[in-house]
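One-letter residues, chain by chain:
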Amino acid sequence: MNTVVAKEAPAQNAVKGLKGVIAADSAICLVDGLEGRLIYRGYNIHELADHSNYEEVCYLLLTGELPGDGQLKEFHSRLAEHRRVPPEVGSFLKSLPRDMLPMAALRSALSVAGLYDPQSEETTPEANYETALRLIGMMSTLVAAIHRLKAGKEPLEPRRDLSHAGNFMYLLNGRAPTADETRAMDLILILHAEHGFNASTFAARVISATLSDWYSVISGAIGALKGPLHGGANTEVLKTLMEIGDVRNVPGYVESVRARKGKFMGFGHAVYQVEDPRAVHLKELSRRLGLEQGQPKWYEISVALEGAIKEAIQKNCNVDFYSASLQHYMGIPGELFTCIFAASRIAGWCAHVLEQWSDNKIIRPSSNYTGPAEREYLPVDRR
């Protein structure tokens, strides 16, 4: 029997997970892990968190500049126009089982929405921008509808008189939000809106590079975000807070996790080697809402846990840590946290899709083949 030996290409070291590999140029976001800086289109996240709102940040990410007063009012109006979802999508959501997984329902509803968008296959710059606004406007309505249907309640109609964050809170809880609740949602949306070539954003760029349609692209991004290694950390943090239950139990919890060599959720980051610049903003609002609601213990447990874990493993908390207690105070259940993440990150996804299409080339990397050398095919009776 003759064996055919393949000529092997020069060996190259594969980079597992593509960490540190530069896949493209982008003008949208700088994630500086060494200095702990997050920059959207040239603007530091601290300035945006302190002074901006989600509508402004969406406009910035999509267009590259902050809006003037007239531009912001027009953008708010156009975004508000797109908050309603097609009635067929509402009927689809109502047909789903009550025990549906929220992210699976969101992924499916988004795909169905594409069937009723007359512009879904249009590719002009004007149509692409309009579809981006439609997706950003619609996403929070879908998330709130899923939340209410799971709770046995009817979804609500969006309110055009409220800001994007205020309307989102209204759709979730069925009442006008307080100023701090609206501010909390604005912060969550701003801080999660964009973060470079993370897994879901890269998935969106890969799919969009094939010139697929918007709804296929964003459904794929939602699918990537759904994975527990990407979008579910703050849900696990909330489970931890509930398990601890009291500040006095923090030391024992930390000791038990270390004894079994477990992982502390909400600590450390794949990019940041110093403090996550987003975390401090959520911490303060968690404190304020805890006091406002007369339930400071979840904030207090978080503070004690942060200190104990930092002392034990010398790692800082990330954006997921305080978003857990904050969203709990906002009346948002843990199972919905990743959907809230999607309703924020939709702005970043859309910005990256528009950037990809502005100078498109299909994304097709190579792999380092590690299988057997070429070999002879044998008939089944000779194997």
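Residues numbered from 1 in each chain as written. Predicted model: local features only at pLDDT ≥ 70, side-chain atom pairs only at ≥ 80, totals over all residues. Heavy atoms only, no water.

1. Quick notes on the pairing of strand E1 (residues 29–32)
Then comes step 1: By the bridge criterion, four bridges tie E1 to strand E2 (residues 37–40) in an arrangement that is antiparallel. Paired with Asp32 across the strands is Arg37, a residue of E2.
Then comes step 2: Remark: four residues form the turn of the hairpin made by E1 and E2, two consecutive strands paired antiparallel; Gly36 in that turn has positive phi of roughly 70 degrees. (Pairing = 2+ DSSP bridges. Helix = DSSP H or I, 4+ residues; strand = E, 2+ residues; numbered from the N terminus.)

2. What about the sheet that holds E2?
Then comes step 1: Taken in spatial order, the three strands of this open sheet run E1-E2-E3, and their pairing is antiparallel. Unpaired on one side and paired on the other, E1 and strand E3 (43–44) mark the two borders of the sheet.
Then comes step 2: Of the pairings in the sheet, the one linking E2 to E3 comprises two bridges and is antiparallel in character. Along E3, the bridge assignment pairs Tyr40 with Tyr43.

3. Quick notes on helix H2 (residues 54–63)
Residues that lie three or four places apart on an α-helix share one face, since the helix turns once every 3.6 residues.
Then comes step 1: The buried fraction of H2 is high, at nine of 10 residues.
Then comes step 2: Within the span of H2, buried status applies to Tyr54, Glu55, Glu56, Val57, Cys58, Tyr59, Leu60, Leu61 and Leu62.
Then comes step 3: The N-terminus of H2 is capped by Asn53, whose side-chain oxygen sits 3.2 Å from the backbone nitrogen of Glu55.
Then comes step 4: Directly after H2, the chain includes Gly64, whose backbone phi takes a positive value near 100 degrees. (Buried < 20%, exposed > 50% of the residue type's maximum accessible area, 1.4 Å probe, protein only. Polar contact = N/O pair within 3.5 Å; in protein donor to acceptor, adjacent residues only side chain to side chain.)

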